[in-house]
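Spelled out, the chains give:
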Amino acid sequence: MSGLNLIQEYSSDSDDNDETEYKNNQNPCVKSEEKINKLPLPESISSWKGAAVHHEEVIDNPLEHDGRSRSFKHERGNWATLVYIDYIPTAEMIKWMKSTLNQSFKTGNLFQEFHVSLTRTLILKFHWIDSFVEAVKSIVDSQKTFFMELSSIEIYSNEEKTRTFMGIAVQSEDDNLLKLTQSLDKVADEYQLPLFYENPSYHISFAWGLGDQRNVLEAQKSFLTTKLYDFFQEHPEERYLEIDCIKCKVGNKLFKFKLQ
């Protein structure tokens, strides 16, 4: 499922306390001087290039989110966190995604943001943020850029089976995705946070629908994968992506780390 979407729904304490708000429309990597009088993000993190406001306050109202419900209970002092690789589709890919969505789902929606998760959605305590983000930065600093290949269509659901997702499976040269996840799992384990899935299926979720629609979509998976291959035949440049950046989202703060 979409970890970024889950963070939006969670409405962590970054929405109502324990946070300094800042923004810069010209350069999101530079912190502005505009502040709200709240407990700030740790100074060692907020001063980094790459730290930026990602999302403003989101009120938990399912009617405003196409029927979606929050998957985490909101508690003060908890920050929803995700480490991931961003994916920005071209206009041609967006057109293909919309066509596939309309052809496959009974009722469905296209995601507004796309990514490959490298961790589960983790819940950090405020006083963990500094050391956790430092640890992620250290992992990325030692990682070289690599290529990722888009492959087949896969079907997923959340643990509650309240939403179904369609994604494009991805794989990397030299198991770089798995190596990153294993390193991040060691960090998560230090905080007694859940590790990534035992047999990870790295993917880009691009469409979702309410309820459990897996049976309907699984029956179409082979046809949809063939349709994806046909798209790559026409647009071979869409199949491979060079990965040179890892992102970490903590509440509504976004950190961007460059690979070697």
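Every chain is numbered on its own, with residues counted from 1 as its sequence reads. Totals for whole chains, interfaces and linings use every residue, but because this is a predicted model, local features are given only for residues with pLDDT of at least 70 and side-chain atom pairs only at 80 or more, for both listing and counting. With hydrogens and water stripped out, all remaining heavy atoms of the structure feed into the side-chain values.

Going by what an unreviewed UniProt entry lists, the chain is known as U6 snRNA phosphodiesterase and is assigned to Trichogramma kaykai. Of the chain, the UniProt comment under Subcellular location (unreviewed entry) reads exactly: "Nucleus". UniProt positions are given in the numbering used here, feature names are shortened, and annotations may be inferred rather than shown by experiment.

Asker: Whenever I open this one, the UniProt feature "active site" (unreviewed entry) in the chain confuses me. Can you help?
Answerer: Mapped onto this structure's residue numbering, the UniProt feature "active site" (unreviewed entry) falls at H115 and H203. Separation in sequence by 89 residues is not matched in space for these annotated residues, since their most distant C-alpha atoms are only 7.9 Å apart. Secondary structure is summarised from DSSP: a helix means a run of H or I of at least four residues, a strand means a run of E of at least two, and numbering begins at the N terminus for each. Mapping H115 onto the fold places it in strand 4 (residues 114-117). Under the scheme applied here, a residue whose accessible area is under 20% of the maximum for its type counts as buried, over 50% as exposed, and between as partly exposed, the area being computed with a 1.4 Å probe on protein chains only. Classification of H115 as buried rests on a relative accessible area of 5%. Within the structure, the side chain of H115 is placed 3.1 Å from the side chain of S117, a separation counted as a polar contact. Under the rule applied, a polar contact is a pair of N or O atoms within 3.5 Å (in protein, one hydrogen donor and one hydrogen acceptor; residues adjacent in sequence only if both atoms are side-chain atoms).

Asker: Is there a simple way to think about the pairing of strand 2 (residues 78-87) in this case?
Answerer: If a strand is regular, its side chains alternate between the two faces of the sheet. Across the 10 residues of strand 2, nine count as buried, placing the element largely inside the fold. DSSP calls a pair of strands paired once it identifies at least 2 bridges connecting them. Taken together, the four bridges between strand 2 and strand 5 (residues 122-125) define a ladder with antiparallel strand orientation. Of the residues in strand 5, the one forming a bridge with W79 is L124. In this sheet, strand 4 lies alongside strand 2 in antiparallel orientation, the contact comprising four bridges. Directly across from Y87, in strand 4, lies its bridge partner F114.

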